[in-house]
Amino acid sequence: MKTTSRKALAAAVSLAGLSGVLAWCAVTFPSPSTGIPHRPPLTQLEKTLRRLSAHSSEFSPVSLALPKCGKVRPPEALLTPDPLLNVQDDDLHVRVSFIVGSDGHVHSAFVLDSGGPSEDRIVLRAVRFWRYRPALCNGVPIDSEARVRFSIR
């Protein structure tokens, strides 16, 4: 009688485990009849990708840093992803100025040419997270001024 009860217990545990796996699958992988959330068509997503913002940069050493630099190397971009601008206008231009510190972080970012309040906010938020290899003056890291122009391509 002991072997029969052990077999019954093993079968019950197996069924409980199997029903748990089936319940997890039903939640994780809904069937087409339950409805899949609406996704935009691929052609619409491709148009969005074609309209990503692009940026071009200009750098100049901060004149107060070291007045006599013989050999100057501008900052090198390490992490400068473009902001995700959601605009309808193909003629958007935003220009930002900031300091690339001797630590490689962006400081004192502000808008020179506005593209609108929400676009300016998105651009400034993205720029503040950028990282650079700092500019060098005779091999010593220095602050440098940067101007970046964002446009929709």
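**Q** Sorry if this is basic, but what is going on with the overall build of the protein here?
**A** Across its full length, the protein carries three helices and nine strands. Helices and strands appear in the protein in the N-to-C order α-α-β-β-β-β-β-α-β-β-β-β. Out of the 153 residues belonging to the protein, those deemed buried represent 24%. Sequence separation of 24 or more characterises 76% of the internal contacts of the protein that already satisfy a separation of 6 or more. Accessible surface computed for the protein: about 10,900 Å², of which carbon and sulfur atoms make up 61%.

**Q** Any chance you could explain the pairing of strand E5 (residues 106-113) here in plain terms?
**A** If a strand is regular, its side chains alternate between the two faces of the sheet. As paired strands, strand E4 (residues 93-100) and E5 are joined by five bridges and run antiparallel to one another. Residue pairing in the sheet places Val-96 in a bridge with Val-111 of E5. Connecting the antiparallel pair E4 and E5 is a turn made up of five residues, with Gly-104 showing a positive phi of about 90 degrees.

**Q** Mind showing me how you'd approach the pattern of salt bridges here?
**A** If charged atoms from side chains of opposite charge come close, those side chains can pair. Under the counting rule described, the total for this entry stands at four salt bridges. Taking the shortest distance from any N to any O, the salt bridge between Glu-76 and Arg-133 comes out at 3.0 Å. Taken as a pair, Glu-76 in strand E3 (residues 76-79) and Arg-133 in strand E6 (residues 131-133) lie far apart in primary sequence, 57 residues in all. Arg-133 sits in the partly exposed class, given a relative accessible area of 39%. The salt bridge partner of Asp-113 is Arg-95, with a shortest N-O separation of 2.8 Å. In this pair, Asp-113 sits in strand E5 while Arg-95 sits in strand E4, placing the two residues 18 residues apart along the sequence.

**Q** How should I be thinking about the nonpolar core in this particular structure?
**A** Soluble globular proteins: nonpolar side chains tend toward being buried together. Grouped together as the largest cluster of nonpolar side chains are 17 residues, with contacts concentrated most on Val-96, Phe-98, Val-127, Trp-130 and Phe-150. Elements represented by at least two residues in this core include exactly E4, E5, helix H3 (117-127) and strand E9 (144-152).

**Q** Please explain unusual backbone geometry as it appears in this structure.
**A** The phi torsion of most residues other than glycine is negative, and most of the peptide bonds are trans. You will see that Ser-108, though not glycine, has its phi angle at about 55 degrees, which is positive. In this fold, Ser-108 is placed in strand E5. Overall, Ser-108 belongs to the exposed group, its relative accessible area being 56%. Phi is positive for Asn-138, which is not a glycine, with a value near 55 degrees. Relative to the helices and strands, Asn-138 is located in the loop between strand E7 (135-137) and strand E8 (140-142).

**Q** Sorry, what's going on with the environment of Gly-104 here?
**A** With respect to the helices, strands and loops of the structure, Gly-104 is situated in the loop between E4 and E5. Look at Gly-104 and you get buried, because its relative accessible area is 1%. Gly-104 sits 38 residues away from Ile-142 along the chain, and the two C-alpha atoms are 9.3 Å apart. If near-sequence neighbours (up to four positions away) are discounted, Gly-104 is found in contact with Trp-130, Arg-131, Tyr-132 and Pro-134.

The rules behind each value
- Residues numbered from 1 in each chain as written.
- Predicted model: local features only at pLDDT ≥ 70, side-chain atom pairs only at ≥ 80, totals over all residues.
- Heavy atoms only, no water.
- Helix = DSSP H or I, 4+ residues; strand = E, 2+ residues; numbered from the N terminus.
- Buried < 20%, exposed > 50% of the residue type's maximum accessible area, 1.4 Å probe, protein only.
- Contact = heavy atoms within 4.5 Å.
- Areas by Shrake-Rupley, 256 points an atom, 1.4 Å probe, with all protein chains shown as cover.
- Pairing = 2+ DSSP bridges.
- Salt bridge = Lys/Arg side-chain N within 4 Å of Asp/Glu carboxyl O.
- Core = buried A, V, L, I, M, F, W, Y, C linked by side-chain atoms within 4.5 Å.

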